[in-house]
Amino acid sequence: MERIIFSLLTIVFVLTRASTAEFTVTFHLLEDLPNNTLIGSLEKEIGLTRKINESLANLNFNFKKKEEPIVSLFRLADSSQLFTNQVIDRENVSACQYKPQCVFNFEIIVTSTASSYFNSVSVHVNVTDVNDHSPKFDPKVFRLSLPESTTANKSVYRVEPAQDYDTGGNNSVQTYEFIQMTPSSSTGSATWDFRMEEIKSISEVTRNVVTNVNLDYEKVTQYVYHILARDGGNPQRTGTFTLEINVVDENDNSPIFVKSQAAVTIEENTAINTPFYVFHASDKDSGKNGKIEFRFKKFQEQWQEIASLFSIDNETGTVRVIGNLKYEHGKVYHIIVEATDKGDIPRYATAQLDVTVEDSGNNAPRININFLSGEQTNNTVSVSEDAFLEQAIAIILVEDTDSGPNGEVTCRTYNTFFGLQSLEDGYKVIVQHYLDRETQSTHNIRITCADKGTPVLESELEFTVRVLDANDNPPKFSEFYYNAKVNENNNRGQQIIQVQATDKDIGKNGQISYYIEPPTDSRFSIGRETGIVIANVDFDREQSVHVTFTVRATDHGEPPQNTTANIWLDIEDVNDNPPNFLKANFVFSVDENLPNGSFVGAVQAVDKDEGKNGEFVFSISEEYANKSVMPFAVSPSGEIKTYEPLDREFLNRYDFRVIAVDKGDPSLTGTAHVTIKVNDKNDNAPIFIFPSTDNHTIIIPNTTPLESIIASIQAYDLDEDTNGYGNGKVMFYIDAGNEDGIFYLNHDTGSLHFRKAVSVAEDYTFHLKIRARDNGNEALEAMRDLDIVVKYMNATITTHRNPDDSEKNILIVVIVVCVTIVVSVALIALICMLRRKNEDKMKNDGPPFLASGSPTSAMYDRPPAYQKTQGEKSRPRVSFSKENDTFTKQQLMEKMTGNLNGRAESVKFTTHNNQNPKSPTEESPSEISGETIPSDSGHGGSEEDFTNHNNNTDKRIPLQPSYHMKNGVFMMQGPISNPTNTLPSDRRLNSVSSNQPISKYMDDSLLTSSINSLWSDNHTVNRQNSCNVQKLPTIPAWTGYHPSDRMNDSLLFYSKDNTLGSAHSRDDDECTTTSGSYTINPDDIDDSFDNRPRDMFV
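Residues numbered from 1 in each chain as written. Predicted model: local features only at pLDDT ≥ 70, side-chain atom pairs only at ≥ 80, totals over all residues. Heavy atoms only, no water.

Student: Please provide a residue-by-residue account of the overall build of the protein chain, values included.
Tutor: Within the protein chain one finds 10 helices and 65 strands. Within the protein chain, buried positions represent 46% of all 1098 residues. Considering only intrachain contacts with a sequence separation of at least 6, the fraction spanning at least 24 residues in the protein chain is 72%. For the protein chain, the computed accessible surface area is about 56,500 Å², with 48% contributed by carbon and sulfur atoms. (Helix = DSSP H or I, 4+ residues; strand = E, 2+ residues; numbered from the N terminus. Buried < 20%, exposed > 50% of the residue type's maximum accessible area, 1.4 Å probe, protein only. Contact = heavy atoms within 4.5 Å. Areas by Shrake-Rupley, 256 points an atom, 1.4 Å probe, with all protein chains shown as cover.)

Right, here's the structure in full:
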């Protein structure tokens, strides 16, 4: 059964090995044959040359792994024949000891010198056993003492098996025979006092000596038996064991192990003589019969390895390491230990210890190399330079006994010409780039193999590749073409030139001979070995200026390589050709700011003449020699260099002429035009236009609409700006002062937007840091401060009341409403009385300061829509002068107040603006002159905002600064022609309130100026005469009005000019800010609102 199992395992192994190679060959060989015995031929067995269509002479055969015992036992010839390398005694080869089959498995690598063919052949050599060893017992004699009380059928001794080194076939031990020598007996074993029984188990056969009778010391004191072990060979061999049995006192108890089965794991780096396990056993007998001795069972499986690696102390049972352990994946040592007592008839017991060697750490890989080339010495292999790509030159075998990542190995090499290709159990070194011996004749290759452990361990292997020469280089002339000269009317046979060629190859491949090409050219001849060319004819310059011919150089390689060179033979002549530039116009470019002497370019020219007549020098033309104008210098060789640093911003292009003058007599000159363009470099930082050092403040009201453009940041860069991508492209950023994101600066256009509403109770200044950055690779920047003054505009502040106060407020509201109604009725009655009185007075008097029928008065006559009907009272009118027509303040005030001194006589009505809630979309004018509004980008008002409204010639502008005032003076230029009486509610002027009362008198400047000046937005007042002047913003004009534009039934009007005037007032002695209150004479108030003229409302 054991042999059958082993044979099956061998077949599986052979089939597995065969599957990794394309070809498989099996040879059979008897052991003990003489050295150099032919085992077989690979070519004969598999017909390799026929299958791969290669000549046997081109094939190389090498062992894939040069390892023991393969290289010691076998030798491989170039003819693919396999020979023995020594006398093979399978019993002395450790790989075959105690094995029924002795098979050597290895692979042979087959490569071709004529191609990149690479393959492997799996070879199996089965060494057949010869019966040349007899069975042996150890020991050969054993003396056994048995007590006389030993009864029949009792096993008294286990026979150790005989050892036969022959294991193949029937050459191993086949049978045992038990023979009684003393006392002598002629009868069979059945009448003997002892017999031998065989007990078969799955793993082994045990033979025990058993008593047939009860022993009797008085009858027989000693028995002698021979146990014969016979093998199955031919001729048959026999071994003898002698058993002497002495009848003595009894020892009837066997030792007992505490543990009959145990398993331990030890590390592979365990030091020698280290104990790792202790067996414990006991014996119930006393004295020497109870004293136990431990030992390893001999000839057990793995006996040779166990005996070399482990030992056991006979007295203590301690098992120690005595050899260098080696981790092998999955391997376990099964050690069988016997415990015997020291009685006269010893008894024994067995136990088994399973020892597993654990990978103790990370060991560096071991690298072995096997060269496939026949020419190899001292770690050097020779390869022809015409080797094919992927041709294998060596096999790399790597071993790493570690487990897991510690045993996973990868190899690499960084050589350009040679690389690694993976094999199943290693790598092959291949040619991965074409070799060139002339460039590099030797290559030092370093192969590094590293595992994946922690830390990573690696090993290196270095070897040298010597490149053999092949005739792969043609001869090479020292010049691509040769230039020679000869005077006309030369002598025949005169030496013209000597050419020389070299060949990088060596040996015959590098020997050169010279020829004239074609051979039919009889004008010249050349020395085969010297390369000296002589003229066979005389030349005439007038017939031929120059002569060209070809010479050929051929090496002696197989096949030969050749090359040619042209010889240009000039016929000597006079200086009749000026230098000729290669181009009429040379265009160069150079960066600005380069240091003096920077190279710009070079001009080139040729001269057909020879000698000094053909030599020339370059220079800049004299008209451009002024270095203060032309900052370039031209060297005699034609190189153009800068004379001083260039500035593209000063001049971006230079044009001048370059001349070339030869050295003939007389000299001749050639000219060319040179254009040098100066490339821009980012050497200029942006320069601010706005904000500037003098102008860096803009003023806006806090009610400026969101997203309004409040300023335009402007800067320029002297560097070049090409379509917005050059160094001169300027980008804008806010670096500081805008932490709350109130403003937004467009990076490209520089427009500054008001993005986030600001709630301020007084004027507040934002200090912004504006950065202008150009678009250069190394950008340059400029910084500028910008102050934005947000002017506080008084408006009604909306307060949020506590809902808990709503009930209290209801009562207050009811009381206020009631009081308001009573007061309103009283006021209405009073107003009606005053209007009627004023109407009567105006009807009787009329304006005294306008002449009836004058152009001015005609202009302000009552419009047809307000013609007086029958019974209607005449209404007071105020007329104004046009252009240069003027009127006095006294006249106007007298008609407005009804008093010569312009003061009210009895009643004074004073109203104040109601504050409106702030709205981020309202536009409020600033309180000082010169303020910009959100649409002017920080540079004044823009008329383009209202272009769509400028076509209407009948537009009106209120004189009153806020439509929230209840009373005041309003003026108009023409009647309202819009029948719809609508005005855009979203473009009404916002209120501007003041905490100070208004002056009782109107400003002198308003009353003494022309009508047109009243509407001017450029009206200025002396600081001593007017304070807190309000300049209203430019607004679009409308031709109608909206009911919401009425102020206490007073209508807002708009002038033709789209810019509001400056409304200001003063008292006689001091200047105060108006808040919407005026002092008028109650007698002068018109009591009829519906029919009063549109010229002037009071």
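Moving on, there is more to tell.
Student: Quick rundown of the nonpolar core? Include the residues and the values.
Tutor: Among the nonpolar cores identified, the biggest contains 30 residues, and Leu 48, Phe 74, Leu 82, Phe 104, Phe 106, Val 123 and Val 125 are the most heavily contacted of them. Secondary structure elements with two or more residues in this core: strand E1 (23-30), helix H2 (42-46), helix H3 (48-52), strand E3 (59-63), helix H4 (70-73), strand E4 (74-76), strand E6 (103-112) and strand E7 (118-128). Membership of the second largest hydrophobic core comes to 28 residues, among which are Phe 296, Trp 303, Val 337 and Ala 339. (Core = buried A, V, L, I, M, F, W, Y, C linked by side-chain atoms within 4.5 Å.)

Student: Any chance you could break down the environment of Ser 403 for me, citing the residues and the numbers?
Tutor: Secondary-structure assignment places Ser 403 in the loop between strand E27 (392-399) and strand E28 (409-412). When the C-alpha atoms of Ser 403 and Ser 360 are compared, they prove to be 9.4 Å apart, with 43 residues separating the residues in sequence. Once residues within four sequence positions are removed from consideration, Ser 403 is found in contact with Tyr 327 and Asp 359.

Student: Go over the sheet that holds strand E35 (residues 495-498), please, and point to the residues and values.
Tutor: Overall, antiparallel pairing links the three strands, which are arranged E35-E39-E38 in an open sheet. Every other strand in the sheet has two partners, leaving E35 and strand E38 (524-526) as the edge strands with one partner each. This sheet shows a mean twist of 20 degrees between the axes of neighbouring strands, independent of strand direction. Where E38 and strand E39 (residues 532-535) come together, three bridges link them in antiparallel fashion. By the bridge assignment, Ser 525 is partnered in E39 with Ile 534. (Pairing = 2+ DSSP bridges. Axes fitted to C-alpha atoms, helices over the stretch in contact; angles between N-to-C directions.)

Student: Tell me what's going on with the sheet that holds strand E41 (residues 562-571), and back it up with residues and numbers.
Tutor: Overall, mixed pairing links the four strands, which are arranged E34-E41-E40-E37 in an open sheet. Since the sheet does not close on itself, it has two edges, and those belong to strand E34 (481-486) and strand E37 (512-517), each with one partner. Pairwise comparison of adjacent strand axes, ignoring direction, gives a mean angle of 30 degrees for this sheet. With six bridges connecting them, E34 and E41 associate as parallel partners. Bridging across to E41, Lys 485 finds its partner in Asp 570.

Student: Can you explain the packing of aromatic side chains? Please cite residues and give values.
Tutor: If you walk through the whole model with that rule in mind, you get 33 aromatic pairs. Plain terms: the ring middles of Phe 586 and Phe 588 are 6.2 Å apart, the flat faces sit at 5 degrees to each other, and that makes the pair stacked. Phe 588 matches Phe 586 in its accessibility class, with the two residues each being buried. Cation over ring: Lys 428 sits above Phe 118, and NZ or CZ is 3.4 Å from the ring centre. We note Arg 755 situated over the ring of Tyr 744; from NZ or CZ to the ring centre the distance is 4.2 Å. (Phe/Tyr/Trp six-rings, centres within 6.5 Å; stacked < 30°, edge-to-face > 60°. Lys NZ or Arg CZ within 6 Å of the ring centre and 35° of its normal.)

Student: So what about the environment of Ile 734? Which residues, and what values?
Tutor: By the secondary structure assignment, Ile 734 is in strand E55 (residues 730-736). You can call Ile 734 partly exposed: its relative accessible area is 21%. For Ile 734 and Arg 784, which are 50 residues apart along the polypeptide, the C-alpha to C-alpha distance reads 9.9 Å.

Student: Requested: an account of the pattern of salt bridges, with residues and values cited.
Tutor: One pass over the full model with this rule turns up 34 salt bridges. Glu 460 is the partner of Arg 446 in a salt bridge, and the nearest nitrogen-oxygen pair spans 3.7 Å. You can see Arg 446 sitting in strand E31 (residues 442-451) and its partner Glu 460 sitting in strand E32 (residues 458-468), a full 14 residues away along the chain. A residue is classified by how much of its surface remains accessible, and Arg 446, at 44% relative accessible area, is partly exposed. Overlapping salt bridges, with partners in common, bring together Lys 64, Lys 65, Glu 107 and Asp 425 in one network. (Salt bridge = Lys/Arg side-chain N within 4 Å of Asp/Glu carboxyl O.)

Student: Describe the pairing of E6, and please don't skip the residues or the numbers.
Tutor: Along E6, nine of the 10 residues are buried, which leaves the element largely enclosed by surrounding structure. Of the pairings in the sheet, the one linking E3 to E6 comprises five bridges and is antiparallel in character. Across the sheet, residue Phe 61 finds its bridge partner in E6, namely Val 110. As judged from the nine bridges shared by E6 and E7, these two strands associate in the antiparallel manner. Residue pairing for E7: Ile 109 is matched across the bridge by Ser 120. Between E6 and the antiparallel strand that follows it, E7, lie five residues.

Student: With reference to specific residues and values, describe the environment of Ala 364.
Tutor: Looking at the element boundaries, Ala 364 is found in the loop between strand E23 (348-358) and strand E24 (366-371). For the pair Ala 364 and Glu 458, spaced 94 residues apart in sequence, the C-alpha to C-alpha distance is 5.4 Å. Apart from residues lying up to four places away in sequence, Ala 364 is in contact with Asp 400, Leu 457, Glu 458 and Ser 459.

Student: Outline unusual backbone geometry, listing residues and values.
Tutor: The linkage connecting Glu 517 with the following residue, Pro 518, adopts the cis geometry, with an omega of -5 degrees. Asp 665 connects to Pro 666 through a cis peptide bond whose omega is 0 degrees. Even without being glycine, Glu 390 reaches a positive phi, approximately 70 degrees. Turning to its location among the elements, Glu 390 is positioned in the loop between strand E26 (380-384) and E27. On the accessibility criterion, Glu 390 (45% relative accessible area) is partly exposed. Phi at Glu 707 is positive, roughly 65 degrees, even though this residue is not glycine. Mapping Glu 707 onto the fold places it in the loop between strand E52 (697-701) and strand E53 (708-712).

Student: Tell me what's going on with the state of the cysteines, and back it up with residues and numbers.
Tutor: This structure, assessed with the given rule, holds one disulfide. What pairs with Cys 411 in a disulfide is Cys 449, and their sulfur atoms sit 2.0 Å apart. On the sign convention where negative is left-handed, the bridge of Cys 411 and Cys 449, at about 105 degrees about the S-S bond, is right-handed. Of the two residues, Cys 411 sits in strand E28 while Cys 449 sits in strand E31, which places them 38 residues apart along the sequence. (Disulfide = S-S within 2.5 Å.)

Student: Outline a nonpolar patch on the surface, listing residues and values.
Tutor: Together, Leu 811, Ile 815, Val 819, Val 823, Leu 827, Leu 830 and Ile 831 make up an exposed nonpolar region whose accessible area comes to about 570 Å². Looking at the element boundaries, Val 819 is found in helix H6 (residues 806-845). (Patch = residues over 30% accessible without salt bridge, like charges linked within 9 Å, V, L, I, M, F, W, Y side chains within 5 Å.)

Student: How would you explain the side chain of Thr 413 if you had to name every residue and give the values?
Tutor: Secondary-structure assignment places Thr 413 in the loop between E28 and strand E29 (418-422). In this structure Thr 413 touches Phe 418, Gly 419, Leu 420, Ile 445, Arg 446 and Ile 447, once residues within four positions along its chain are discounted.

Student: Give a detailed account of the side chain of Asn 727, specifying residues and quantitative values.
Tutor: With respect to the helices, strands and loops of the structure, Asn 727 is situated in the loop between strand E54 (714-716) and E55. Classification of Asn 727 as buried rests on a relative accessible area of 17%. Contacts of Asn 727, omitting those with residues within four sequence positions, involve Asp 680, Lys 681, Asn 682, Asp 717, Asp 719, Glu 720, Asp 774, Asn 775, Gly 776 and Asn 777.

Student: With reference to specific residues and values, describe the confidence of the model for the protein chain.
Tutor: Detailed reading of the predicted model is not advised wherever pLDDT is low. Of the residues in the protein chain, 72% have a pLDDT of 70 or more, and the chain-wide mean is 74. Here helix H10 (residues 1011-1014) is the element of the protein chain with the lowest mean pLDDT, 32, and strand E44 (residues 599-602) is the one with the highest, 95. Per-residue pLDDT stays below 50 along residues 796-801; that stretch engages in 10 contacts with residues further than four places along the chain or on separate chains. (pLDDT = per-residue confidence, 0-100.)

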